[in-house]
Amino acid sequence: MKLPVAAALATAAVTITLYPLFEGGGWFWASMGAVLTTALAGVAASRLGARPWVAPVAMLPALLVYLTAAFTSHEAWLRVIPTKGSLARLAELTASGFDDIQRYAAPVPANSGITLLTAAGVGLIALLVDVFAVRLRRAALAGLPLLALFTVPAAVMTDPIGWPAFMIGALGYVGLLVADGRERLTRWGKAVVVRRSRSTTSAATTPDTERLALSGKRIGVMAIVLAVVVPALLPALAPDPVFGFGVGNGLGGGGGNIGVPDAIAKLGGQLRQQANSTVLTYTTSDDKPRYLRIYSLDVFDGQKWTFSSLRGRPEDRVSEGPLPPAPGLGPGIAVGRAEARISVSEDLDQLRFLPLPYPATQVEADGDWRADRASLMVFSTKDEASGLDYRAVVGEPQPSIDQLNLAAPSPPDGRYLALPQELDPEVAALAARVTAGAASPYQQAVKLQEWFTKSGKFTYTLRAAGSGADALSRFVLRDRKGYCEQFASAMAVMARMLGIPARVAVGYTGGTKIGDVWTVRTHDTHSWPELYFEGVGWLRFEPTPAGAAGQGTAEVPRYTIPVAPTTGPSAGPSANPSGGADDTSSNARPVRPNPRQLDRDLGAAPVVVDPGLPVTAKVGIGLAAALLLALLPAVARLLVRLRRHRPARVRNAAWAELCDTLTDFGMPRRPDESPRALGLRLRERHELDPETAASLARVVTAEERLRYAPSPAADGPRPADLRRLRRGLGATVSRWRRFGALVAPMSTLLRLRAAGAGALDVMDRLEGLRLWPGRARDAAPGGTGARTAGQDGFANDTAAREDRPLVGGRR
């Protein structure tokens, strides 16, 4: 009966990893009820000796009865028996749950529909685990449905699953494998009895699986620990993951690694949330709203947009001074400068990027925040943006129409034009038709934006989903319905098809002014394309419809409003439109030379950049940490020895110290040796000098009197006796043995081993719980049960080692 219970416990353990997906704990208890129901049905089938196929057939109706009682009891007969009305209600709740999952972002509210879907899904997983592990006797394959359950939060959540939840789930699976292995061993038949226990004489009827199970548990636990620790230490998984500073695109949240696996997916979830909570507030020196960018996504693989690996150099800390110059911005472009003071809500989910207007030239924020030179994203692997107040200075390019028309779309990097091969060629042909007649890449971009917002007759709706190749074709060629995710992705892809470098930005629109501050809420979450023009840099475009019929606070940049090109220098507001700041004479001046750009001004002379802590230093720190960890047993042994050498403790601790010293030197006391026999053996085998022999005699005599005499000896051993014994015994072994006793004392290692075995035996105690006492009597005739050879040896060894020389201290 243990195997069905182990299968249910494994499913329950892995279910814990779903905790980031839900609010509250109602979903968990509903899921545990589904697991318990399937487990009871499986145990009953096994108890009755039914054929393997009967158990899953019985589990399905049992699961249906449980779901009926838990969610639609009012429509059921006797509150548990499904009826036509209860089944119809279950179908309604299921449909409602699917709709809510599409509407909400994680963590989702645990309403009835979502909880029903979760409980039913976990129940089906428990059924599959039982089929594989119990009915088909393929416990290893039971990991497949468990893995499917585990991948749900890993695929949906931006944040990583906590390592405690991972270890609990992994231990559940290891426990299932151990239970399966032990049950297989019990079917091998009778064990050959080599030695009888003093308390029993009957032959063993089952093989000894105790030590084999213990070895399996040790291997399993070690594998789980390595799975948690090693990825955090391997530099190949992320730049400078532990001892340095780096950013990867995978999951993260600790160890110097951050990531946003699917910022676009999270964007859609926030827009669909019912609650429109305040995300941040800000003020600007010119009292104008500004888009606040968080992510800059420059890689499109045909399925989703992601960003390239970021690099936060020590000299790019925002506390070190101005940010790196905006890529592509030339000295002849006017710049409108403004200052923004931003306050992020404390209720914001974990965010390690700062929402900033682009391009920011200076940021003042508490913490270790760094700027990526290629994208100007400001991020941290140690600090979070929630609850942070910071100041940002923005320098917005204000190019004239002539400058934009003359700007070439020379990409700063080839990745800004890269596109997957599987894109529909009709999309490229459509982009060419839409922009036909444009005299410059800038005019192509303007025509493309106008097509999305006006002439293309697109409709804004949150019911669309996806930004991959198929979704892109469906969006621009047929449906023409979507929200900012589809609009931004489509314009960026079509711009790349036209040879214009493009990327997708994710952040917030300017929000709404309330009082003296601009307030940004959840529904202001937005995505937009940024296009690159040489000499001007990256410019924001807005293809998403704005206003009541679109993204409410979206705003088309002034420099993208169609204006007929002129042949001479342009003047006036229309010739030099602003991206958000007024075009005044004070702003229309050349950019002040940036000290970071001196290498460009000097003809691109090479500049030595300190990348941070060298790799060799990081390796050295890692080796030092490993060395300190390896020396912990030696330190523990030294502390124990110093404590035992205290005059107040030496009389009672001398014997334990002698036994530990012998164990460290590879000459341990035999279990059947009395103190006098041990002293005699040491004197006969090793040539001890008279002083050492006298010290040995005092320790042996003191131990004998403690054991057998009514009162201890008046003149017991002293600390000098223990030091003399250690020197004298050490002189009889090799130099390497003495070195090993110093750095890796066997007495301490054996204690650690015994402690680990005791901790792992907790699983054995759980497995030993018997629901039917009769089964225990059947398995162990004679009342107490017979022991196998291995168990008999363990009993004798335990009885013989009454003095426990390796444990230290008194009995």
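Residues numbered from 1 in each chain as written. Predicted model: local features only at pLDDT ≥ 70, side-chain atom pairs only at ≥ 80, totals over all residues. Heavy atoms only, no water.

1. Considering the overall build of the protein
- Looking only at helices and strands, the protein has 25 helices and 16 strands in total.
- Taken across its 811 residues, the protein has 46% of its residues classed as buried.
- Partitioning the intrachain contacts of the protein with sequence separation of at least 6 by distance along the chain shows that 73% fall at a separation of at least 24.
- For the protein, the accessible surface area stands at approximately 39,300 Å², while carbon and sulfur atoms represent 60% of it. (Helix = DSSP H or I, 4+ residues; strand = E, 2+ residues; numbered from the N terminus. Buried < 20%, exposed > 50% of the residue type's maximum accessible area, 1.4 Å probe, protein only. Contact = heavy atoms within 4.5 Å. Areas by Shrake-Rupley, 256 points an atom, 1.4 Å probe, with all protein chains shown as cover.)

2. Some thoughts on a nonpolar patch on the surface
- Nonpolar side chains collect at one region of the surface, where Leu627, Leu631, Val635, Leu638, Leu639 and Leu642 lie side by side and expose about 520 Å² of accessible area between them.
- If one sorts the elements of the nonpolar patch by residue count, helix H17 (residues 632-644) sits on top with 4 residues.
- Here Leu638 is to be found in helix H17. (Patch = residues over 30% accessible without salt bridge, like charges linked within 9 Å, V, L, I, M, F, W, Y side chains within 5 Å. Salt bridge = Lys/Arg side-chain N within 4 Å of Asp/Glu carboxyl O.)

3. Quick look at the nonpolar core
- Counting residues in hydrophobic clusters, the biggest one holds 86 residues, and the most contacted among them are Leu354, Phe452, Val476 and Phe533.
- With 9 residues, the top contributor of residues to this core is helix H14 (residues 484-497).
- Residues within four places of Phe533 in sequence aside, it is in contact with Gly328, Ala407, Ala408, Pro441, Tyr442, Ala445, Ile500, Leu539 and Phe541. (Core = buried A, V, L, I, M, F, W, Y, C linked by side-chain atoms within 4.5 Å.)

4. Quick look at a negative patch on the surface
- A contiguous patch of negative charge on the surface is contributed by Glu346, Asp347, Asp366 and Asp389.
- With respect to the helices and strands, the residue Asp347 is situated in the loop between strand S5 (335-344) and strand S6 (360-364).
- Asp347 sits in the exposed class, given a relative accessible area of 69%. (Lys, Arg positive; Asp, Glu negative; His and termini not counted. Charge placed at Lys NZ, Arg CZ, Asp CG, Glu CD.)

5. Description of the pairing of strand S16 (residues 537-540)
- Alignment of strand S15 (residues 525-533) against S16, held across 4 bridges, turns out to be antiparallel. What sits directly across from Leu531, in S16, is Leu539.
- The turn joining S15 and S16, which pair antiparallel and follow one another in sequence, is formed by 3 residues; a positive phi near 90 degrees is taken by Gly535. (Pairing = 2+ DSSP bridges.)

6. Quick word on helix H21 (residues 719-730)
- Its 12 residues give H21 an end-to-end C-alpha distance of 17 Å, which sits within 8% of 16 Å, the value for a rise of 1.5 Å per residue.
- Among the residues of H21, those classed as buried are Pro719, Asp721, Leu722, Leu725, Arg726, Gly728, Leu729 and Gly730.
- Along its buried surface, H21 packs onto H17, helix H18 (650-664), helix H20 (690-708) and helix H22 (735-743). (Expected span 1.5 Å × (residues − 1).)

7. A word on the sheet that holds strand S13 (residues 512-514)
- Sheet architecture is open: 6 strands sit in the order S6-S9-S5-S1-S14-S13, paired in antiparallel fashion. At either margin of the open sheet sits one strand with a lone partner, and together these are S6 and S13. Neighbour-to-neighbour, the strand axes of this sheet turn through a mean angle of 30 degrees, independent of strand direction.
- Across 4 bridges, the pairing between S6 and strand S9 (residues 389-397) is antiparallel. Bridged to Val363 within S9 is Ala392. (Axes fitted to C-alpha atoms, helices over the stretch in contact; angles between N-to-C directions.)

8. Quick notes on the pattern of salt bridges
- Following the criterion strictly, the structure yields 29 salt bridges and no others.
- Glu530 serves as the salt-bridge partner of Arg293, at 3.5 Å between the closest nitrogen and oxygen. Within this pair, whereas Arg293 is found in strand S2 (residues 292-297), its partner Glu530 is found in strand S15, the two being separated by 237 residues in sequence. You'll find Arg293 and Glu530 in the same group, each marked buried.

9. Focus on the environment of Arg391
- Take Arg391: it is sitting in strand S9.
- Looking at Arg391, the relative accessible area reads 16%, which means it is buried.
- Spatially, the C-alpha atom of Arg391 lies 7.3 Å from that of Glu339, the residues being 52 residues apart in sequence.
- One polar contact links Arg391 to Glu339, side chain to side chain, over a distance of 3.1 Å. (Polar contact = N/O pair within 3.5 Å; in protein donor to acceptor, adjacent residues only side chain to side chain.)

10. Concerning the side chain of Thr525
- If you trace the backbone, Thr525 turns up in strand S15.
- Taking relative accessible area as the criterion, Thr525 reaches 2% and is therefore assigned buried.
- A polar side-chain atom of Thr525 sits 2.6 Å from the main-chain carbonyl oxygen of Thr522.

11. What about the packing of H18 against H21?
- The N-to-C vectors of H18 and H21 enclose an angle of 10 degrees; their axes lie 10 Å apart at closest approach. Taken as axis vectors, H18 and H21 run roughly parallel relative to one another. Packed against H18, whose contacting residues are Val650, Ala654, Glu657, Leu658, Thr661, Leu662 and Asp664, the element H21 presents Pro719, Leu722, Leu725, Arg726 and Leu729 at the interface.
- In the contact of H18 with H21, the residues fall into 8 nonpolar, 1 polar and 3 charged. (Parallel < 35°, antiparallel > 145°, perpendicular 65-115°, else oblique. Nonpolar A, V, L, I, M, F, W, Y, C, P; charged D, E, K, R; others polar.)

12. So, the pairing of S5
- Alignment of strand S1 (residues 278-284) against S5, held across 5 bridges, turns out to be antiparallel. Across the sheet, residue Thr283 finds its bridge partner in S5, namely Arg341.
- Where S5 and S9 come together, 9 bridges link them in antiparallel fashion. Bridge assignment links Ser343 to a residue of S9, and that residue is Asp389.

13. Some remarks on the packing of helix H13 (residues 469-479) against H14
- At a minimum axis separation of 10 Å, H13 and H14 run at an interaxial angle of 90 degrees. The angle between H13 and H14 falls in the class roughly perpendicular. Together, Leu472, Phe475 and Val476 of H13 and Gln486, Phe487, Ala490, Val493 and Met494 of H14 make up the contact between the two elements.
- For the contact of H13 with H14, the per-class residue count stands at 7 nonpolar, 1 polar and no charged.

14. Some thoughts on the sheet that holds S2
- Judged by pairing direction, the sheet is antiparallel, and its 4 strands sit side by side in the order S2-S12-S15-S16 without closing on themselves. Two strands bound the open sheet, and with one partner strand each, they are S2 and S16. The average angle at which neighbouring strand axes cross in this sheet is 35 degrees, direction not considered.
- Note that strand S12 (residues 502-508) and S15 share 7 bridges and pair antiparallel. Its bridge partner being in S15, Tyr508 is matched across the sheet by Thr525.
- With respect to the sheet, H14 is in contact with S12 and S15, its orientation differing from that of S15 by roughly 10 degrees.

15. A few points about the confidence of the model for the protein
- Of all residues in the protein, 73% have pLDDT values of 70 or greater, and the mean over the chain is 77.
- Here helix H15 (residues 598-601) is the element of the protein with the lowest mean pLDDT, 33, and helix H11 (residues 425-434) is the one with the highest, 94.
- Every residue in residues 234-261 is under pLDDT 50, and counting partners more than four places away or in other chains gives 83 contacts.
- Contacts for the low-pLDDT stretch residues 774-811, under 50 throughout, to residues beyond four places or in other chains number 63 contacts. (pLDDT = per-residue confidence, 0-100.)

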